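Residue-level structure breakdown
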Amino acid sequence: MKKRISVLTGVLAGVLAGAVALTAGTAQAIVGGSRASTKDLPHLLMLLDARGQQYCAAALIAPDAAVTAAHCLLKKDVSTLTVVAGRDDKRSTAGSIAKIASAAVHPDFTGTTGGHDVAVLHLAAPLTGYRTVPLARRGSAPAPGAGATVAGWGDTDPGDQGTRYLMKATVPVVAPKTCATWYPSFREGLMTCAGYEQGGADTCKGDSGAPLVVQGALVGLASWGEGCGQARRPGVYTSLGHPAVHDFVTRQVPGSR
Ligand code: ARG
């Protein structure tokens, strides 16, 4: 439905963004992104599985604590996971690695689209020399239209193998009421959605847990979306400013704000 409109606006978006021309509502990298460096995003961590493969992202909020999406821990033995700071290239050994001593999943998390998709990772040793990102103020929500930055190593096209190099994109925050009309399961407040109405720039598979930053504050963590970069199907992020999320994180990590 509405296929013709989404294709037309999608192409227009690509032209406006100066990016690749879009076909049928899908696009390129993080999806619609460009190369980035952890030097400019020092709080951004890779989350690696037991085999050392990157499969999610996380954000450093204290020297020895990070936040990620709760669904990144489903069916995982936390003691086998590691986070890496300061590494842009998945195939390099740059940066610092830390084991995870323990993790806490939000007690109200039941599944990705149910909300509360947040977990705190307590690191076995501090990652020193990397900046932490401050949490959005408790009770705050980013202004609709605000430019949000998101970065990760996930798919640049739905179904590809993710990118070797870190990619980032800037996406506008969508008004919660609007997002609720696009996604029946969107929960205003607990979730924040960001993306262009016409699609084109988005997080994708492998970007889960990636920090969404507005004006230097952590407002969200990549959680879910229908497809990637499609018109009226923006990325949905766990809202760090929501009291239920903020309180969980600050209780786990008293040093964070
Ligand atoms: N669930 C995905 C992951 O596991 C993140 C999906 C975000 N999707 C989107 N269209 N923004 O990595």
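About the thresholds
Residues numbered from 1 in each chain as written. Predicted model: local features only at pLDDT ≥ 70, side-chain atom pairs only at ≥ 80, totals over all residues. Helix = DSSP H or I, 4+ residues; strand = E, 2+ residues; numbered from the N terminus. Buried ≥ 20, exposed ≤ 12 C-beta atoms within 10 Å, placed from the backbone. Contact = placed C-beta atoms within 7 Å. Near = placed C-beta within 6 Å. Nonpolar A, V, L, I, M, F, W, Y, C, P; charged D, E, K, R; others polar. Pairing = 2+ DSSP bridges. Axes fitted to C-alpha atoms, helices over the stretch in contact; angles between N-to-C directions. Arc of directions from axis to C-beta. Core = buried A, V, L, I, M, F, W, Y, C linked by C-beta atoms within 7 Å. Domains from an automatic or database assignment. pLDDT = per-residue confidence, 0-100.

**Some points on the overall build of the protein chain**
Check the secondary structure of the protein chain and you find four helices and 13 strands. Per-residue burial for the protein chain yields a buried fraction of 53% across its 257 residues. Expressed as a percentage of contacts within the protein chain between residues at least 6 apart in sequence, the contacts between residues at least 24 apart total 67%.

**Topic: unusual backbone geometry**
Phi is positive for valine 31, which is not a glycine, with a value near 110°. By secondary structure assignment, the location of valine 31 is in helix H2 (residues 29-32). You can call valine 31 buried: it has 31 C-beta atoms within 10 Å.

**Things to note about the site of the ligand**
Close contacts around the ligand come from 13 residues, with Thr203, Ser208, Gly225, Cys228 and Gly235 the closest. Class assignment for the residues of the shell around the ligand results in four nonpolar, six polar and three charged.

**Re the sheet that holds strand S7 (residues 119-123)**
Taken in spatial order, the six strands close into a barrel running S2-S3-S4-S7-S6-S5, and their pairing is antiparallel. Each neighbouring strand pair of the sheet contributes to a mean axis angle of 40°, computed without reference to strand direction. Here three bridges tie strand S3 (residues 54-62) to strand S4 (residues 65-68), and the two strands are oriented antiparallel to one another. If you follow leucine 60 over to S4, its bridge partner there is alanine 66.

**A word on the pairing of S4**
The side-chain alternation of S4 yields two buried faces, one formed by Ala65 and Val67 and the other by Ala66 and Thr68. Here S3 folds back onto S4 in antiparallel fashion, the turn holding two residues. Here S4 pairs with S7 via four bridges, running antiparallel. Of the residues in S7, the one forming a bridge with alanine 65 is histidine 122.

**Considering the environment of valine 118**
For valine 118, the position within the fold is in the loop between strand S6 (96-105) and S7. Every residue in contact with valine 118, bar those within four places of it in the chain, is listed here: Val67, Ala69, Ala70, His106, Leu221, Thr238, Val245, Phe248 and Val249.

**Some thoughts on helix H4 (residues 243-252)**
The complete set of buried residues in H4 reads Val245, His246, Phe248, Val249 and Gln252. Projected onto a plane normal to the axis of H4, the buried residues spread over an arc of 165° and lie on a single side. Along H4, the residues that are exposed and aim more than 90 degrees away from the buried face are Pro243, Asp247 and Arg251. Tucked inside the fold, the buried residues of H4 contact S4, S6, S7 and strand S13 (235-239).

**Quick word on the nonpolar core**
Counting 75 residues, the largest nonpolar core has Leu45, Ala58, Ala59, Ala66 and Val83 as its most contacted members. A total of six residues in this core trace back to one element, the largest contributor, which is S3. Each of domain 1 (6-22 + 42-132 + 243-252) and domain 2 (147-239) accounts for three or more of the residues forming this core. Apart from the residues within four sequence positions on either side, alanine 58 is in contact with Leu45, Leu47, Ala66, Val67, Thr68, Val83, Leu121 and Gly209.

**Quick notes on the confidence of the model for the protein chain**
Mean pLDDT over the protein chain stands at 89; residues scoring 70 or higher make up 89%. Confidence over residues 1-29 falls short of pLDDT 50; this stretch has 52 contacts with residues more than four positions distant or in other chains.

**So, the environment of valine 236**
Among the secondary structure elements, valine 236 is positioned in strand S13. As a C-alpha pair, valine 236 and aspartate 202 span 34 residues in sequence and 9.6 Å in three-dimensional space. Apart from residues no more than four positions distant in its own chain, valine 236 is found in contact with Tyr183, Phe186, Met191, Cys193, Ser223, Trp224 and Gly225.

**Re the pairing of S13**
Counting buried positions along S13 gives five out of five residues, so the element sits mostly inside the fold. Two elements, strand S10 (residues 191-194) and S13, share four bridges in a ladder whose sense is antiparallel. When the bridges of S13 are listed, alanine 194 appears paired with glycine 235. Where strand S12 (residues 217-224) and S13 come together, four bridges link them in antiparallel fashion.

**Some details on the environment of valine 173**
With respect to the secondary-structure elements, valine 173 resides in strand S9 (residues 167-174). Leave out the neighbours within four places in its chain, and valine 173 touches Pro142, Ala143, Pro144, Gly145, Ala146, Ala148, Thr192, Ala194 and Val214.

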